[in-house]
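# Examination of the molecular architecture
One-letter residues, chain by chain:
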Amino acid sequence: MFPAPVEKSSAGIQLTYKLALPVALFLWLLPLLAIFMTSIRPLSDINTGNVFGIPSDFAMLENYSQVFAQTDAWQYFMNTMVITLPTVAVSIALACLTGYALAVYQFRWALPMFFLFVAGNFVPFQILMLPVIDLSNKMEIYNTVPGLVMFHAAFQTGFCTLFMRNFIKALPRELIESARIEGVGEFRIFWHLVLPLVKPAVAALAVLIFTFIWNDFFWATVMLQDDARLPITVGIRSLNGEFVQQWHLISAASLLAAVPPVAMFFLMQKHFIAGLTLGATKG
Amino acid sequence: MASTASLRANRYQTASTTVALSAIVLIIALIGMFTFDVSWMVDNLGFTKRVDARVPSFFARFSCLIIALGAAFICFTNTSLYKRNKLTYAPWIFLFIGTAFFLIYVIIPIFQSISYSFTKWDGLYDINGFWTGEWVGLRNYVQLLDDPNFYTSLWNNILWLVLYMLAVPAGLGIALFLNQTVGGIRIYKSLFFFPFVISQVVVGLIFAWTYNPEFGLLSEVWGFFFCEQTTNIMGNLTTTCTVDPPSILGDPKYATYGIIAAGLWPQIAYCMILYLTGLNNVSPDQIEAGRLDNAKGWKMLWHIILPQLKPATFIAVVVTVIGALRSFDMVATMTQGGPFGSTNVLAYYMFDQAVGEGVGRYGYGSAIATVLFAIMLIYISYFLWRMYQDEKEGN
């Protein structure tokens, strides 16, 4: 363990450490706390300059319900869901297939194909933007949710493949070899033997991709034009325009937009971190 | 004996009926996919608007595609060609859909973008579906060399790259601070990681508000040091400052730094989590050995811990570089490139030139994107090279 555990040091140091923890956390999350404090106070407080003091009135419920009542926030939330969930399903399903092929079969193109997925995963979005718009236009799905989902799913397949391939590569090879000797078909091996084993990887990817797509801003801006189809990330920016000077509502809306990924993170923390680091340290 | 021999022969034979049937289904599905048309739906199923019909007709075509793929799969796996060479063809069957999808949406567009960069085009086609642009050779790139906004963006990208790197040591610092086992430490770790989970748009809004010179958090802190509140005779509260609080996002000198500082917040959290996992895997034996050799503090960190954290450092650097070059969301939410174009980065400037209001310079935008891609390519090649080395060792 490095640094040396504080339990082994003097009582004074232990106490200092335990006091320093909450202080450091407070400073670290100060911007977030401040915006939370703004979101629970009435507008009159902000106008009179009481931005950081004790709220004159606890207006949390009013503010948050006002966000839903006065704006399309609910619509934006639903739109994000409709974009996010299919993307997660499609990209992970495809990555199970490609990852399996690249991890299990030893053929000449295995490594070059793998590198193709990895490299594509890192390109800047801007170099894809115009051709993807053009392509969606030709397929007559520009400015529709399926159009955006198709792109997201294709792009995320790159990262998911990187992750899946490394995960399957770490499984014991003998398992597959012995099934083959038994005469089990290639697709049966995949379906009955490998798929049950990659469940942890699927969980990790699901949490990660959910967060990535939920937080996506660029592609939604580029691929969707109609206000009725916008996801929450783009939505709160337009709310920002609607609610000029209504900081209590803007901050409430921003915090609401962050709730689902944060909840996902806390519920699935183990998978989330495994996802971030396993895909990473192995890659 | 005879029956097993015939069975074995059978195993490699084409199942003619199945192949023929699935081939027919495949052809019908393909015809359906390509002939299906939005206008057909509008005419026959009573959709009023052309736009309305696009989604259902997409799903109709998509279902045709799935049927076609299924039929092709059944057709091919029943031929003797596949049965005799399973191990040669099976990986390509597994790869087919994912790869095709990825090529169409990611790999091919890269080359298309590069080719757009040699044209002058506004993204439109004429009524017959013909391309309306013209080839201009290297003119877009020559124009870039004379564009002060391009230089600002490039310079800001370099600033982002350099300053964003601070996330790596800062993340390591926090990870070292948190790598303890006192009660409740797990909750502290996840709360420290918090900023990474929040959307960059929300982070941008939070910081735009923090920087607000009238009532933001920063002005509050500023007021604590430089301002004095007095109540005048009328009983009104007035604030006088020796130095006025800076308007960070409104001042071309500071705006980019303000955005980078906001961007560092989630990025430090990301690096921290990478290092925390790395520290978990540091071998305790080596630490003990180091302690016996009287290595302590910095010496221990530098000679024993950091070498073992190399994989974590590598990933932290890679994700930070990519994050820096992809810095779009923050710029878009906090300043939209302003004031006076001073916070443009290549990613945002490209967007602005290509699809910004009333601009539509596809060719010029693509040239900017190509430059950005070229910069990224250096890192991508390095990353792939490192991966290749690892793979060679692994096998």
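Along each chain, residues carry numbers from 1 onward, in the same order as the chain's sequence is written. Chains carry letters from A onward and ligands carry numbers from 1 onward, assigned in written order. Per-residue local features of the predicted model are confined to residues with pLDDT of at least 70, and side-chain atom pairs are confined, for both listing and counting, to 80 or more; whole-chain, interface and lining totals are unaffected and use all residues. Hydrogen atoms and water are omitted, and side-chain values are computed over all heavy atoms in the structure.

### Topic: the overall build of chain B
From N to C terminus, chain B includes 19 helices and 4 strands. For chain B, the C-alpha radius of gyration of 30 Å lies well beyond 21 Å, the compact-globule estimate for 395 residues. Each principal axis of the C-alpha distribution contributes one length, and for chain B these read about 105 × 70 × 45 Å. Burial classes: relative accessible area under 20% of the type maximum marks a residue as buried, over 50% as exposed, and values in between as partly exposed (1.4 Å probe, protein chains only). A burial count over chain B gives 46% of its 395 residues as buried. When contacts within chain B are restricted to residue pairs at least 6 apart in sequence, those whose partners lie at least 24 apart make up 64%. All accessibility values rest on the Shrake-Rupley procedure with a 1.4 Å probe; residue burial counts only the protein chains present in the view. Surface summary for chain B: the accessible area is close to 20,500 Å², and the carbon and sulfur share equals 65%. Under the counting rule used here, the positive set is Lys and Arg, the negative set is Asp and Glu, and His together with the chain ends is not counted. Here the site of a charge means NZ on Lys, CZ on Arg, CG on Asp, or CD on Glu. For chain B, the distance from the average position of its 22 positive side-chain charges to the average position of its 22 negative side-chain charges is 17 Å. By the criteria applied, helices consist of DSSP H or I runs no shorter than four residues and strands consist of E runs no shorter than two, each listed in order from the N terminus. The quantity called the radius of gyration is restricted to C-alpha atoms. Its globule counterpart is 2.2 Å times the number of residues to the power 0.38. Contact criterion: two residues are considered in contact whenever any of their non-hydrogen atoms come within 4.5 Å of each other.

### Examining the overall build of chain A
Secondary structure assignment for chain A yields 15 helices and 0 strands. The C-alpha radius of gyration of chain A comes to 24 Å, more than 25% above the 19 Å expected for a compact globule of 283 residues. Along the three orthogonal principal directions, the C-alpha set of chain A runs to about 75 × 65 × 30 Å. Per-residue burial over chain A gives 58% buried out of 283 residues. Taking the contacts inside chain A whose residues are at least 6 apart along the sequence as the reference set, 75% of them involve residues at least 24 apart. For chain A, the accessible surface area stands at approximately 11,300 Å², while carbon and sulfur atoms represent 68% of it. The averaged location of the 15 negative side-chain charges in chain A is 16 Å from the averaged location of its 15 positive side-chain charges.

### Looking at the environment of A:Trp214
All names here are of chain A. Locating Trp 214 in the fold gives a position in helix α11 (residues 199-214). Sequence spacing of Trp 214 and Tyr 17 is 197 residues, and the spatial spacing of their C-alpha atoms is 36 Å. Beyond its immediate chain neighbours, meaning those up to four positions away, Trp 214 contacts Phe 77, Thr 80, Met 81, Thr 84, Ile 232, Thr 233, Ala 257, Pro 260 and Pro 261.

### Section: a nonpolar patch on the surface
Residue and element names in this part refer to chain B. A grouping of Val 221, Phe 224, Phe 225, Phe 226 and Val 243 is seen on the molecular surface, where their side chains present a nonpolar patch of about 530 Å² in accessible area. Structurally, the position occupied by Phe 226 is in helix α12 (residues 217-226). Residue classification places Phe 226 among the partly exposed residues on the basis of a relative accessible area of 32%. For patch detection, residues must exceed 30% relative accessible area and be free of salt bridges, and they are connected within 9 Å for like charges or within 5 Å for nonpolar side chains (Val, Leu, Ile, Met, Phe, Trp, Tyr). Any carboxyl oxygen of Asp or Glu that lies within 4 Å of a side-chain nitrogen of Lys or Arg is treated as forming a salt bridge with it.

### What about the domain arrangement of chain A?
One widely used convention gives an interface's size as the accessible area the parts lose upon coming together. Residues and elements named next belong to chain A. Domain borders in the structure are assigned automatically or taken from a domain database. Segmentation of chain A into domains returns domain 1 (6-69) and domain 2 (72-282). With centres defined by C-alpha atoms, the gap from domain 1 to domain 2 works out at 33 Å. Between domain 1 and domain 2, the residue contacts involve 13 residues of the former and 13 residues of the latter. Our count for the domain 1 to domain 2 interface comes out at 0 salt bridges. In protein, a polar contact requires one atom able to donate a hydrogen and another able to accept it; more generally it is a pair of N or O atoms within 3.5 Å, and residues adjacent in sequence count only if both atoms are side-chain atoms. The interface formed by domain 1 and domain 2 contains 0 residue pairs in polar contact (both at pLDDT 80 or more).

### Some thoughts on unusual backbone geometry
At A:Glu140, a position not held by glycine, the phi torsion is positive, near 55°. Counting through the fold element by element, A:Glu140 comes out in the loop between α7 (126-138) and α8 (145-169). Despite not being glycine, B:Phe340 has its phi angle at roughly 55°, a positive value. Tracing the sequence through the fold places B:Phe340 in the loop between α17 (329-334) and α18 (346-355).

### A word on helix α6 (residues 110-122) of chain A
Residue and element names in this part refer to chain A. To estimate the expected span of a helix, count its residues, drop one, and scale the result by 1.5 Å. Taking 1.5 Å as the rise per residue, α6 with 13 residues should run 18 Å; its terminal C-alpha atoms sit 19 Å apart, in good agreement. Here α6 lies mainly inside the structure; 10 of its 13 residues are buried. Where α6 is concerned, the buried positions are Ala 110, Met 113, Phe 114, Phe 115, Phe 117, Val 118, Ala 119, Gly 120, Asn 121 and Phe 122.

### What to know about the interface of chain B and chain A
Between chain B and chain A, the residue contacts involve 113 residues of the former and 107 residues of the latter. Put simply, buried area is the surface a 1.4 Å probe can reach on two separate parts but cannot reach once they are joined, added for both. Together, the buried faces of chain B and chain A total about 10,400 Å²; carbon and sulfur atoms form 78% of this surface. On the chain B side of the interface with chain A, the three residues burying the most area are B:Phe94, B:Tyr105 and B:Trp209, jointly 9% of the side's total. Here chain B and chain A share 1 salt bridge between them. A salt bridge links B:Glu391 to A:Arg165; the nearest nitrogen and oxygen atoms lie 2.9 Å apart. Sorting elements by how many residues they give to the side of chain B that touches chain A places helix α6 (residues 86-116) of chain B first, with 24 residues. Among the residues forming the side of chain B that touches chain A, the class breakdown is 84 nonpolar, 19 polar and 10 charged. Charged residues are taken to be Asp, Glu, Lys and Arg, nonpolar residues to be Ala, Val, Leu, Ile, Met, Phe, Trp, Tyr, Cys and Pro, and polar residues to be all remaining types, Gly included.

### Some words on the side chain of A:His248
Residue and element names in this part refer to chain A. Along the chain, His 248 turns up in helix α14 (residues 247-267). Taking the relative accessible area as the measure of exposure, His 248 reaches 4% and is therefore buried. Discounting residues that sit within four places of it in the chain, His 248 has contacts with Thr 38, Ser 39, Arg 41, Leu 43, Ile 46 and Asn 63.

### With respect to the packing of aromatic side chains
Note on ring pairs: Phe, Tyr and Trp rings are taken, using the six-membered ring of Trp, and paired if centres are within 6.5 Å. Classes follow the plane angle, with under 30 degrees stacked, over 60 edge-to-face and the rest tilted. Applying the stated rule across the entire model yields 59 aromatic pairs over all chains. Here A:Phe114 and A:Phe115 contribute two aromatic rings whose centre-to-centre distance is 6.1 Å and whose plane-to-plane angle is 35°, an arrangement assigned as tilted. Look at A:Phe115 and you get buried, because its relative accessible area is 14%. Judged by centre distance (5.5 Å) and plane angle (75°), the rings of A:Phe125 and A:Phe155 are edge-to-face. Of the two residues, A:Phe125 is situated in the loop between α6 and α7 and A:Phe155 in helix α8; the sequence distance between them amounts to 30 residues. The same class applies to A:Phe125 as to A:Phe155, namely buried. Over the face of the ring belonging to A:Phe125 we find B:Arg326, whose NZ or CZ atom lies 4.3 Å from the ring centre. Cation over ring: B:Arg361 sits above B:Tyr364, and NZ or CZ is 4.1 Å from the ring centre. Two conditions define a charge sitting above a ring: the NZ of Lys or the CZ of Arg must be within 6 Å of the ring centre, and it must be within 35 degrees of the ring normal.

### Section: the nonpolar core
What is meant by a nonpolar core is a set of buried Ala, Val, Leu, Ile, Met, Phe, Trp, Tyr and Cys residues, joined one to another through side-chain atoms within 4.5 Å. Among the nonpolar cores identified, the biggest contains 214 residues, and A:Leu128, A:Met129, A:Trp219, B:Phe193 and B:Ile305 are the most heavily contacted of them. Not counting chain neighbours up to four residues away, the residues in contact with A:Leu128 comprise A:Val123, A:Phe151, A:Phe155, A:Trp219, B:Tyr105, B:Val106, B:Pro109, B:Ile110 and B:Ser113.

### Regarding the side chain of B:Arg61
Locating B:Arg61 in the fold gives a position in helix α4 (residues 54-77). The buried charged residue B:Arg61 lacks any salt bridge, with A:Glu140 as its nearest oppositely charged partner at 4.6 Å. Beyond its immediate chain neighbours, meaning those up to four positions away, B:Arg61 contacts A:Met139, A:Glu140, B:Met33, B:Phe36 and B:Val38.

### A few points about the packing of helix α5 (residues 73-104) of chain A against helix α13 (residues 232-242) of chain A
Residue and element names in this part refer to chain A. Throughout, an axis means a line fitted to C-alpha atoms (over the contacting stretch in the case of helices), and angles, computed between N-to-C directions, take values from 0 to 180 degrees. In the contact formed by α5 and α13, the axes pass within 8 Å of each other and the chain directions differ by 155°. On the basis of their axis angle, the class for α5 and α13 is roughly antiparallel. Note on element contacts: α13 touches α5 through Ile 232, Gly 235, Ser 238 and Leu 239, opposite Ala 73, Tyr 76, Phe 77 and Thr 80. For the contact of α5 with α13, the residue count by class is 5 nonpolar, 3 polar and no charged. The cut-offs work like this: below 35 degrees is roughly parallel, past 145 is roughly antiparallel, 65 to 115 is roughly perpendicular, and the gaps in between are oblique.

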